[in-house]
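An overview of the molecular structure
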Amino acid sequence: MNSPRSLVRSSPPFMIVGIVLSLCGCGRSPDINEPPVDVTSGPITELPTSQLKFEDVAADSGVRFTFRNGGESGQCTILESLGGGVGALDFDGDGLVDLCFAGGGKIHKEQRLSGLPMGLFRNLGELSFQQVTDQAMTVRDELYTHGVAVADYNQDGFCDFLVSGYGAMECWENQGDGTFREVGEAADLVDSSWSTSPSWADLNGDGNLDLFVPHYVNWSFQNHPFCEGPKSDQRDICPPKSFEGNADAIYFNNADGTFSKGDESTGLQPDGKGLGSLAADFDNDGDVDIYVANDTTDNFLYINDGSGKFEELGILSGVAVGARGTPDGSMGVDICDFNSDGRPDIWVANYEREAFGLYRNEGNAVFLHVSQSMGITALEHLFVGFGTAVADFDQDGDEDIVVANGHVILFPYLAPRRQLPLLLDNLGRRFEQVRVARGYCAAPHEGRGLAAADLDNDGDLDLAISHLNEPVALLRNDAPQGQWLAVKLVGTSSNRDAIGARLVLQTSEGVLHRYVKGGGSYLSSGDRRVYWGIGSGVIIEQLTVHWPSGQEQILTNVAPNHQLTLVESGPSKSAETR
Amino acid sequence: MLRLTGTTRARVARILLLSTFLASLTLGSVVTLRQVRFWRLVSDTRVALETGEYRAAIQSVEKTLQGYPENAEVRYVAAVVYRRAGMLNDADRSLREASRLGCADPRIELQRCLTVAQSGRVDEAEPRLREIIRGGAVDDDAHQIYEALVKGYMVSYRLKDAWDCLEFWTAWRPATTNAILWRAEIYQRIGDSKTAVREYEEILAANPNHFESRLKLAELRFELRDVVAARRDFEHCLTVARDAPAILVGLAKCNQLMGDTKQAASFAEEVLAGDGTTRQQADAWVVLGQLRSTAGQPEKATDAFRHAVELVPNITEAHHGLTQTYSAMGNKELAEQHWKTALQVSQQNIRISEIASALAKNPAEIELRCELARILLQQGRREEAERWLWTVFSLAPEHAAAQQLLAAIAQSDLAETPAAVTNVEVPEPSTGQDDQVVPTPTPGSELPESSK
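In every chain, residue numbers begin from 1 and rise along the written sequence. Note on labels: chains are lettered from A, ligands numbered from 1, in written order. Given that this is a predicted model, residues contribute local features only at a pLDDT of at least 70 and side-chain atom pairs are listed and counted only at 80 or more, while totals for whole chains, interfaces and linings are drawn from all residues. The basis for the side-chain values is all heavy atoms of the structure; hydrogens and waters are excluded.

**Description of the overall build of chain A**
Only DSSP runs of H or I reaching four residues or more are called helices, and only runs of E reaching two or more are called strands; each is numbered from the N terminus. Helix and strand counts for chain A stand at three helices and 41 strands. Contacts between residues were defined by any pair of non-hydrogen atoms, one from each residue, lying within 4.5 Å. Counting contacts in chain A only where the partners sit at least 6 residues apart, residues at least 24 apart contribute 59% of the total. Exposure was quantified through the Shrake-Rupley algorithm and a 1.4 Å probe, taking into account, for residues, occlusion by the shown protein chains and nothing else. Working note: accessible area of chain A is about 20600 Å², and carbon and sulfur atoms make up 48% of it.

**What about the domain arrangement of chain B?**
Residue and element names in this part refer to chain B. By domain assignment, chain B separates into domain 1 (1-21 + 31-103), domain 2 (260-349) and domain 3 (364-418). An automatic or database domain assignment is the source of the domain bounds shown. Each of domain 2 and domain 3 was reduced to a C-alpha centroid, and the two centroids are 29 Å apart. Taken together, the contacts link four residues of domain 2 with four residues of domain 3. Overall, the association of domain 2 and domain 3 removes approximately 360 Å² of surface from exposure, summing both partners, and the carbon and sulfur fraction of that is 36%. Ranking the residues of domain 2 by area buried against domain 3 places Asn314, Gln348 and Asn349 at the top, with a combined share of 93%. Here a salt bridge means any side-chain nitrogen of Lys or Arg lying within 4 Å of a carboxyl oxygen belonging to Asp or Glu. Scanning the region where domain 2 abuts domain 3 turns up zero salt bridges. For the purposes of these results, a polar contact is taken to be a pair of N or O atoms within 3.5 Å, where, inside protein, one atom must be able to donate a hydrogen and its partner to accept one; residues adjacent in sequence count only when each atom of the pair is a side-chain atom. Counting across the domain 2 and domain 3 interface gives four residue pairs in polar contact (both at pLDDT 80 or more). Here the buried area means the combined drop in accessible surface, using a 1.4 Å probe, for two parts upon being joined, counting both sides.

**Quick look at the side chain of B:Ser193**
Position of B:Ser193 among the secondary structure elements: in helix H10 (residues 193-206). For every residue, the accessible area obtained with a 1.4 Å probe (protein chains only) is divided by the maximum for its type, and the residue is called buried under 20%, exposed over 50%, and partly exposed between those limits. B:Ser193 sits in the buried class, given a relative accessible area of 10%. What B:Ser193 contacts, discounting residues up to four positions off in sequence, is A:Tyr413, B:Tyr187, B:Leu220 and B:Leu224.

**Structural notes on the sheet that holds strand S6 (residues 119-125) of chain A**
Residues and elements named next belong to chain A. Strand order in the open sheet formed by four strands is S2-S3-S6-S7, with antiparallel pairing between adjacent strands. The strands lining the two open edges of the sheet, one partner per strand, are strand S2 (86-89) and strand S7 (128-131). Taking each pair of neighbouring strands and ignoring which way they run, the sheet shows an average axis angle of 25°. In this structure, S2 lies alongside strand S3 (residues 98-101), joined through four bridges in antiparallel fashion. Within S3, the residue paired with Leu89 across the bridge is Asp98. Two strands pair under a simple rule: DSSP has to find at least two bridges between them. Note on geometry: axes are C-alpha line fits, over the in-contact stretch for helices, and angles between N-to-C directions span 0 to 180 degrees.

**Some thoughts on unusual backbone geometry**
Residues and elements named next belong to chain A. Positive phi values are uncommon outside glycine, yet Leu127 reaches one of about 55°. Positionally, Leu127 belongs in the loop between S6 and S7. Judged by relative accessible area, Leu127 falls into the buried class, the value being 11%. Despite not being glycine, Asn457 has its phi angle at roughly 50°, a positive value. Relative to the helices and strands, Asn457 is located in the loop between strand S30 (447-453) and strand S31 (462-467).

**Let's talk about the packing of helix H16 (residues 298-311) of chain B against helix H17 (residues 316-328) of chain B**
Residue and element names in this part refer to chain B. Two elements in contact, H16 and H17, have axes whose closest approach is 9 Å; the angle formed by their N-to-C orientations is 150°. With respect to each other, H16 and H17 are oriented roughly antiparallel. You can see that H16 and H17 cross each other, and the crossing is left-handed. Along its contact with H16, which presents Pro298, Ala301, Thr302, Phe305, Arg306, Ala308 and Val309, the element H17 presents Glu317, Ala318, His319, Gly321, Leu322, Thr325, Tyr326 and Ala328. Each residue gets one of three labels, nonpolar for Ala, Val, Leu, Ile, Met, Phe, Trp, Tyr, Cys and Pro, charged for Asp, Glu, Lys and Arg, and polar for the others, Gly among them. Per-class residue counts for the contact of H16 with H17 are nine nonpolar, four polar and two charged. Working rule for angles: under 35 degrees goes down as roughly parallel, over 145 as roughly antiparallel, 65 to 115 as roughly perpendicular, anything else as oblique. Crossing handedness follows the turn of the near helix against the far one: under a right angle anticlockwise gives a left-handed crossing, and clockwise gives a right-handed one.

**Description of the side chain of B:Ser119**
All names here are of chain B. Residue placement: Ser119 occurs in the loop between helix H5 (105-118) and helix H6 (122-134). A relative accessible area of 5% means that Ser119 is categorised as buried. A distance of 2.6 Å separates a polar side-chain atom of Ser119 from the backbone oxygen of Val116.

**Notes on the sheet that holds S31(A)**
All names here are of chain A. Overall, antiparallel pairing links the four strands, which are arranged S1-S32-S31-S30 in an open sheet. The sheet is open, and its two borders are formed by strand S1 (54-56) and S30, each paired with just one other strand. Taken over all neighbouring pairs, the strand axes of this sheet differ in orientation by 25° on average, direction set aside. Of the strand pairs in this sheet, S1 and strand S32 (residues 473-477) are connected by three bridges, and their pairing is antiparallel. When the sheet's bridge partners are listed, Glu55 is paired in S32 with Arg476.

**As for the pairing of S30(A)**
Residues and elements named next belong to chain A. Across the seven residues of S30, seven count as buried, placing the element largely inside the fold. Pairing of S30 with S31 involves five bridges; the strand directions are antiparallel. Bridging across to S31, Ala453 finds its partner in Asp462.

Here it is as structure tokens:
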């Protein structure tokens, strides 16, 4: 090959100095007389002071738990990148939200996996918790676990939960006496794929909670390629593009303690790399649809015909890809109505250099990607977003956003492995990134699962966050207390958890919509109670509940600053205040 | 007849002598001043060229051409400027003019040779370049040869050769701005964007007004989603070149991501009113389409996206935008049609990236080069396809598939747009960014290591 190397080696004349001012002669120093322009004097965006404020109280609360991903084995499996989730559940029915954390697992040198026990913490009140994993009989170390999906699937009044993981699922049935029993196999919830963030919802309209299970990729130790790190002999975790996606699954509730797996007629796509899922009525037709956040492939929007048969309309609905028209690496999801127009919008946390997706619902199952106009693409730093929640954290009447972030590979290039959590304050016309000077939110973490729940029953939503190989965080919401209202729905004709319900709070300042969802966030389940922040001086005029059964319940003269427990009671109005 | 006394004659003679002297002096001064001005203009051009400020060099040489349209040296310098700035057709025209006006043949030949190298046909040009060097080359010629070789290797995705060439260039003249610029380009192509940023910053530390570096840095920062810094750099560029379409497109996109929709629209409209490339115009239409779509104006957005697609048929964002707007307007059939196109282009672009990545590792993979040309042809990017096919011939002159493809291109050219083809009119190399050809680092290569 005639390389320049050989060319130059034989070319001493290169060093000959040319004639000064010869047209093609050698150069002289550039004569730059123009004054240099100060490149640092660009416009500086001053961020407004935000009321969003969280304090990590995990250490004092008694919640000491760490998800372990087994990365110390050095095998660089994609399994290690997913992390674990958080479940918020009042398993003992005392009105205080307890917490359940997936434990993860170990990756053994001989290419074998084992699980690590979950952490179950009973809320004793005033943000004090007691670990009750042993007492609740939930110690089990077979499954490498990821997600926690909470629901009272057998409608007995006690919260059950499902744990997802690699190669199996565990279904923990609440015995009503402070203990649980694993009934996965007995309930025919046998799933040998790699399950991530399941969503409970009544998908066929029979009043029972069915289960949608997103599956990730076909990784195994037999399909474990070497993916190169920054140096050719350095191994890193392979990206999802190295693997094929797995088909998702639906398990229909037979109402007898067992489930039946949906067949092809359900209309699920044969592929997808599902990490997040969300069940809610996105087209406002009275049944529950499903949104799936896929990693590097198009996200799915399964529109329900009401009988548990779905049509995938992600692309045509505008929620499959980002503004560039290419699929994102999507992880965490949530439903919201950020612009208070009464239509459920979708929020998606994505991979670095891909804007987090805010899809505004335009009606008729058509969405617009509005991240640009809403300031989402103007964020400082690059984020790899996972657990997320959209809620009115500062109780000012609009919904804000939190995201737990962290990288997925060992040697990331652009953004660091440990990343700051993201707080986005809703300023009405756009979201603004909140800068925090100290505490948990000022320090980087490898964040994964996130659940928003009112852990101290003070009317605002706190956060529980799981990390990779780092103790969990319990973030007390310290935003100045405003007016609030919390509603707990108890379905009778509808499923008991009222998943799929739509609540409309009419106030003197406008109408605020909330949705009871299945799934959401990432590998996690948040507080199923519905929360509103209500600006000071604002008067609540009416609360309307649209139950999944189609019934509508209207309450007037609702006072702020307390929790309502509302039991579905048919056409007549009935409210129980607690 | 007037008779003059001896004294008067002597006085007149003195006056005449003085006048002649003064006239000569004035004439000489005029000539000298003109000469000085000439050299100064030429010198300005050279300085701009040396530092890789092609925009400034073009401005300077075109100003000189206005004053000296029939000067062979100026025509020659113009040819050099145009070639180095990638305007090969203009370069060829200027070179022919320089030749007509009497510019020395060896210099003309050198430029032709450099053009061939720069266009990617390095192997064709290298023997002659070697000969020229053996005959003795001044430093500026050496710089030009290095630069043309680097460009040629880059065009044909021989990154390793380009890197070797740059190593020699910088070993000889470490502070050569052009060399640092190209080194940054290689870092960018192998995915080591952070080092590329540092390289651009190094140039800008020495010369904050270096336009090309500032623009490349702005574009790279935008790619890296460092939008605030990118906008700042684009704004800085704007102070140097108020109407450069590349800057206006960059600012439209930055402002769009920053949520400043009015500014974004204003810059996009400015691009459309100017004389940018079709790609820049298409990008501006996409920005407008997206802004209108978000503003709830699907009909207007559709118009904008359609304009974009008419200009650049393979622009994914526009097809995606049309999918959304047709869907919003209830036209599912058209929505699906554009979705399929977007998907196809997107998959092709992924394959292009994969091929580029593989070529960075194994530049001699002829079949991959052919496949790339085929994909580009499918996307209607005939000139780029042709360029890739020429790189096949440089490796395998008799390659049958490449010959067939090139014949097909020639036939379609003749059928559609008959045009004079010269052996030096080769389009400027693609940087890869527009075409989403961004190779990733390759194991075993001796290129600088990237951490990604």
